[in-house]
Structures are given as structure tokens and as C-alpha cells.
Amino acid sequence: MSFTSSRRTTDGLPDLSYQPRAARNIGSRFLTVVAALFSGIAVLPLVLVLGYVLIKGGSTLGLNLLTELPPPPGLEGGGIANAIVGTLVVTLVAALIAIPVGVGGGIFLAEYSRSGWFAQFIRFGTNVLSGVPSIIAGVFIYGTIVTSRVLFGNAYSALAGGMALAILMLPTVIKTTDEGLKLVTDDLRRAALGIGASRFVMIARITLPTAFTPIATGVVLSIARAAGETAPLIFTALFSPYWSDLVSGDGLLAPIASLSVLIYNFAIMPYEFHNQLAWSASFVLVAMILFLNLLSRWLGRFASR
Amino acid sequence: MAPDQDHLYRLRNRPFAEKLVDLGFKNITIALASVVAVVLFAILIVVFQGSLEAMGRYGLEFLVTSNWNPVDDEYGAGAAIYGTLLTSLLSLIIAVPLGVGTAIFITENIIPKSIRNLLGLMVELLAAIPSVVLGLWAIFVMEPFIRPALEFLHTAFHWLPMFSTPPMGPGTIPAVLILVVMILPIITAISRDSLNQVPGKLRQAAYGVGTTRWGAIINVILPAAVSGIVGGVMLALGRAMGETMAVTMIIGNSNNFSFSLLAPGNTIAAMLANQFGEADGSQVSSLMYAAFVLIVLTLGVNVMARWLVKRLSLKY
């Protein structure tokens, strides 16, 4: 018997023990250190950004910040209250559009036509739509809704902003509904149909409730993403330094403030106080979004239990 | 199960109302599913139609000339298209090793699983931070921090065209760095998923014939996961091309073409964000033309990503 290994034990057998100084082992350890270093670099921005947002934004957090209007350029004092309300309103509008459409579309894909040509086409379209840059959604809504003044003669409006965000949410909601429903075992469907349920009853009473958690997780994540979007809002919802008139509903048809646009506008202003407000708005926005993300994570864990 | 077999099992007559609800619900879901297709086509049509005027006026010259002059009503998106391709490709070059390295580190059993999960969670949370917040951070924290390094690059290498102008604050390099931060989570998450899907047998076989950890990773595991990783990288490229807010806040939005990476530049998305609100007349049409170019670029990248994934997926 012949062995090609160069290292031998005293018995003349090949030495299989780990050789810490062999070139390939040194190389392997080196690459491990490099990978560790890369991971460190990859999480560094998160730590730094969260740290700065927490310190710079959290330090000025007060009641007036959450209840007052932003000051005019150059003046000081005031808060970001209308932007907080605006972000909630625009995101709510987007969710009210995207969730029914997305869940409905997902139901079609998963329950009615898993592999038909139309379903494949819609799946392809969903993937393509999720790759469309967010600014394009803004351009599209600007070109259709804003310039045509189709919403009762109003150009820039909270509704238009919500529609632009809905376009961005739609692919995520459809995909998670489709995939969530596919996870439901076919036994449940057969059982429901077998005892005489109609397809509608089967979906509404059996499969949708079963798939609730994965769908809810995806929906919450898409809401979190929409809440932080800026690009689709800057020329659809625009910005407003005033309170939106939500009681009569006219506020929905008028330009509306939002945290993300406020950050953009105030960050590039040459006034220190406005820059500071942008940091405070970042703190509120990041807190909202991280809360939604953790909520979706909790929902996911709840499901796997 | 299939609808065409329903008649075999008809034991009771369904009331008319029930059938109506059933049929109505199905048609409603079909209508809702078609919304996706309608929106997608509408986006293409609206942007294409909006850009027709500029297309007729400038033709393909629009893509290579870079004078953007609203006063004389002369437009060319060359600088913005160049900036879009340059920033996204440069950020990809930096982010791919970082992202794939991180993905390897958190899928290998080098450190305890709880720490790896924490690292994975942190990278995912990075993806959740809005780009406008990253832009704010880039303006007030990152750019002042790296300015001395950029100034050094200029003084030491000013004979290179890419470092030929003094750094003035906003510029291409800070924009590239913030793009790296934005696309890193995508590359990491997708690479991690595809690395996790490599069957354990392959690794055991590699160790069995006596390779080292990195011998197995480089020769066996990465080739097996390459389709997913390439797909993730292409998705990240599409995202980098379309990324708007962080870039527009830090790139300087200059339409003057410059080879220098230290000079202010522009991307299509940044140009749209900056000018669309105030534009009128043929400027709108030119911006729509630029938007159309951006759509074509991102759709091309996305479709190519899918094709590559199919092409590269190994059968094992």
C-alpha cells in the first residue's frame, strides 16, 4: 500500500493530525478572519446610524416636538407633529389600497390558478413591479393623478401620495399572500370542499385564517417599508407646514406633510434648527419602522410555535 | 379538487346565491390580480408617452450629451446615465465581497449560533432603515468623517483623472459609500439563503476528501450557491440604480460631466427627485425620457437576474 502524503508518523503511516502551520490551514484561518472583518464592517453602519439617530434625534425629543407645527425657515421652536400625523395618514391610505388588492390578487394566484398562463404572467408582473424604482412610482402618479387633477380638481394630495406608496406595497403583499396560502396544506381544502363548502367559504373560513400569520407578517413589513419611503411622495403628496384638515376629509385632497419628506427638506436647509428637526423626525420614523419590523418578527415567531 | 371535476361529486344542488357569490368572488380576485399588470403597463405607457416629445427632439443623442440647461431648453442625460451606471457598479464592487463574506461568516459554524443570528438580524434591520435617514446621516456624519481621506486622495493622486478635483462635500464617492450600505443587506440576505440551501452532504464530502474549511467554501459551497448569489447581486444592482433619496442628498446633483470621483455628480433617480417638482414644458418630457431610460435599465437588470439564476443553477 502506498501513501502519497508527505508527513508520516513514527509507524510510517500518514499523519492525519491537524497541522496548524500548513500553508492551507494558515490560509483558511486568514480567510476566516477576513470574513469576520467583513461582517464587522457590514453591521457597523447599522450601529453608527442607529447610534446617531438615537443621540442626535432622541436628545431633543419632547412634548412640543410631538404636538407643535414646524417653524418657518430661519425661525426656531416648534415640532414635527403634522408630519407624524401625515405619515400615518398617507401610509394608512396606501395600506387601504394595497392590502385588499394584494390579498385578492394573492388569493387568485394561490387558490384559483396556480400554474395557468395568466397566473404565471401575474407572478412575472409582480416580480417586475417589485423591481421598479420607487421614484418611478412617484413619476407615474404625478403623470396620471397629479397633472390631470382627476381627484376633484386637486393636484398634489395625500391620496395621490398614498397611491404611489400602494404601488410599492402591492408586490410584497401579493407575494406573501400567494406564498402564505401555498403553505396551507391541501388536506384542509379537500376537507372543506368535501363537507360541502363552496370555494368562497373554503377560502374565507379555512385557508385565509390558516395563512393569517405569514400574510400579516408580509403586510406589516410592507407597511414599514412604505412608511419610510420618500421618493414617491416628494411630488405627489408634496409637503405642508400646516395641519391637515382630516375632520372634514379635505386634508386628504390637499398636500400633506410626512416625516420622510420633512427629513429630506429640512436636511438640505441651511438652518441648524431645521437640521435638528430632521434628526428628531428620523428618530420618530426609525422608531416607528423598527417597531413594525419587530412586530412582524414577533408575528412570524408566533406562527412557527 | 380541480374545478372541472366538481360535477362528479355533486350531492346537493347549490343555491343560486351561493354560486353567484362563488363566481363573483373568483372574478373579483381575477380583477384584483390584473391590477398588477394594469399598473405595470400603465407605468410603461405613461412614462413612454411623456417622453415622446423629448425622444423626437433629441433621439439617442439624449443618452450621451450632458448639457442640462432649462434656460435654453436644451437637455441631455449623459452625465446622469453615466452617474447611474458608475455609482451602482462601484457600489456593487465594494458590496459584493462584503455581503458574500458576511453571508459566509453567518452561515459557517465559526462562532456560536446565537451571535450569528444576531449579526443576521442586524443586517436585516439595516435594510429597514429608510434611505432618507441614511442620506441625513451621510450629509452630517459620514461625509465630514471621510473628507480628510478624500482630501488625501486628491493631494496624493491628483494626476489621476478620477481624483483630479478637490473634494467639496457632496460627491460621487460618498454616494457610492451610502449605496454600499443600502445594497449590502440585500446581497447578504439572499447569499445567506442560498448558502443555507446547499445540501450538507456536499460539505461533508469535501471535508471527507481532506479539504480545509475555505477549500470547501471556495471549491464546493460557493459554486453550488452561485445562482442564488448572482440573483441577489443583480437585484442589488437594480436597487442601486433606482435608489433615490440617499443618493440625491449626498451626490451633489451636478449635471456637468466629470471623470473625477470626488466631484459632484448625478444619477437619473437623483435628477428626477430634484427637478420633477419644479419642471415644466419640455423639461418634464426630458425628465420622463430619463425616467424611461431608468425603467429600461432596471427592468433589464431584473430580467437578466432571473435568466442568470436559471442559467447558473447547478443540479446536484
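Residues numbered from 1 in each chain as written. Chains lettered and ligands numbered in written order. Predicted model: local features only at pLDDT ≥ 70, side-chain atom pairs only at ≥ 80, totals over all residues.

Examining the overall build of chain A
Along its length, chain A carries eleven helices and zero strands. Listed N to C, the secondary structure of chain A is α-α-α-α-α-α-α-α-α-α-α in terms of helices and strands. Relative to a compact globule of 305 residues, whose C-alpha radius of gyration would be 19 Å, chain A shows 27 Å and is clearly more extended. Dimensions along the principal axes, computed over C-alpha positions, put chain A at roughly 95 × 65 × 35 Å. (Helix = DSSP H or I, 4+ residues; strand = E, 2+ residues; numbered from the N terminus. Rg over C-alpha atoms; globule rule 2.2 N^0.38 Å.)

As for the overall build of chain B
In terms of helices and strands, chain B carries ten helices and zero strands. What you see for chain B is a C-alpha radius of gyration of 25 Å, clearly larger than the 20 Å of a compact globule of 316 residues, by over 25%. Each of the three principal axes of chain B carries a C-alpha extent, and together these read 85 × 65 × 35 Å. Counting over 316 residues, chain B shows a buried share of 48%. Counted over contacts in chain B with a minimum sequence separation of 6, partners at least 24 positions apart contribute 77%. (Buried ≥ 20, exposed ≤ 12 C-beta atoms within 10 Å, placed from the backbone. Contact = placed C-beta atoms within 7 Å.)

As for the packing of helix 5 (residues 134-146) of chain A against helix 1 (residues 16-58) of chain B
Taken N-terminus to C-terminus, the directions of helix 5 of chain A and helix 1 of chain B make an angle of 70°; their axes are 10 Å apart at the nearest point. One way to sum up the angle between helix 5 of chain A and helix 1 of chain B is to call them roughly perpendicular. In contact with I136(A), V139(A), F140(A), G143(A) and T144(A) of helix 5 of chain A, helix 1 of chain B contributes I43(B), V46(B), V47(B) and G50(B). Of the residues contributing to the contact of helix 5 of chain A with helix 1 of chain B, the split by class is six nonpolar, three polar and no charged. (Axes fitted to C-alpha atoms, helices over the stretch in contact; angles between N-to-C directions. Parallel < 35°, antiparallel > 145°, perpendicular 65-115°, else oblique. Nonpolar A, V, L, I, M, F, W, Y, C, P; charged D, E, K, R; others polar.)

Some words on helix 9 (residues 268-275) of chain B
Summarising burial for helix 9 of chain B: six of the eight residues are buried, a large majority. Of all the residues in helix 9 of chain B, the buried ones are I268(B), A269(B), A270(B), M271(B), L272(B) and A273(B). Buried positions along helix 9 of chain B lie against helix 5 of chain A together with helix 2 (78-107), helix 7 (213-242), helix 8 (245-250) and helix 10 (282-312) of chain B.

Some thoughts on the confidence of the model for chain A
Summary statistics for chain A give a mean pLDDT of 86 and a share of 95% for residues scoring 70 or more. Here helix 2 (residues 63-67) of chain A is the element of chain A with the lowest mean pLDDT, 82, and helix 6 (residues 158-183) of chain A is the one with the highest, 93. (pLDDT = per-residue confidence, 0-100.)

Considering the interface of chain A and chain B
Residue-level contacts link 71 residues of chain A with 72 residues of chain B. No other element matches helix 1 (residues 23-58) of chain A, which puts 19 residues into the side of chain A that touches chain B. In the side of chain A that touches chain B, the residues fall into 47 nonpolar, 21 polar and three charged.

Re the packing of helix 4 (residues 117-131) of chain A against helix 6 of chain A
Residues and elements named next belong to chain A. Helix 6 packs onto helix 4 with a crossing angle of 140° between their chain directions and a minimal axis gap of 8 Å. What the angle tells us is that helix 4 and helix 6 run oblique. Where helix 4 crosses over helix 6, the two elements pack in a sense that is left-handed. Note on element contacts: helix 6 touches helix 4 through L170, P171, T172, I174 and K175, opposite T126, L129 and S130. Class assignment for the residues of the contact of helix 4 with helix 6 results in four nonpolar, three polar and one charged. (Left-handed = near helix turned anticlockwise from the far one by under 90°.)

Regarding unusual backbone geometry
The phi torsion of most residues other than glycine is negative, and most of the peptide bonds are trans. Positioned with a positive phi, L238(A) is a non-glycine residue whose angle comes to about 55°. By the C-beta count within 10 Å, which is 21 here, L238(A) ends up buried. We note that N253(B) has phi near 50°; this positive angle belongs to a residue other than glycine. Mapped onto the fold, N253(B) is located in the loop between helix 8 and helix 9. Owing to 20 C-beta atoms within 10 Å, N253(B) belongs among the buried residues under this scheme.

A look at the nonpolar core
A general feature of soluble globular proteins is that nonpolar side chains tend to end up buried together. With 191 residues, the main nonpolar core has L262(A), I263(A), V133(B), I178(B), L272(B) and A291(B) as its most contacted residues. If one sorts the elements of this core by residue count, helix 5 (residues 172-196) of chain B sits on top with 15 residues. The contact partners of A291(B), leaving out residues within four places of it in the chain, are I136(A), V139(A), V47(B) and L272(B). (Core = buried A, V, L, I, M, F, W, Y, C linked by C-beta atoms within 7 Å.)

Points about the environment of V139(A)
Take V139(A): it is sitting in helix 5. Looking at V139(A), the number of C-beta atoms within 10 Å reads 31, which means it is buried. Sequence separation of V139(A) and F235(A) is 96 residues, and the distance between their C-alpha atoms is 7.8 Å. Not counting chain neighbours up to four residues away, the residues in contact with V139(A) comprise V47(B), L272(B), F276(B) and A291(B).

Things to note about the environment of A35(A)
Looking at the secondary structure, you find A35(A) in helix 1. Note: C-alpha distance between A35(A) and A226(A) (191 residues apart in sequence) is 33 Å.

Description of the environment of N266(B)
All names here are of chain B. Tracing the backbone shows N266 in the loop between helix 8 and helix 9. For N266 and Q204, which are 62 residues apart along the polypeptide, the C-alpha to C-alpha distance reads 49 Å. Not counting chain neighbours up to four residues away, the residues in contact with N266 comprise A79, A80, G83, I251, N253, S254, N255 and M271.

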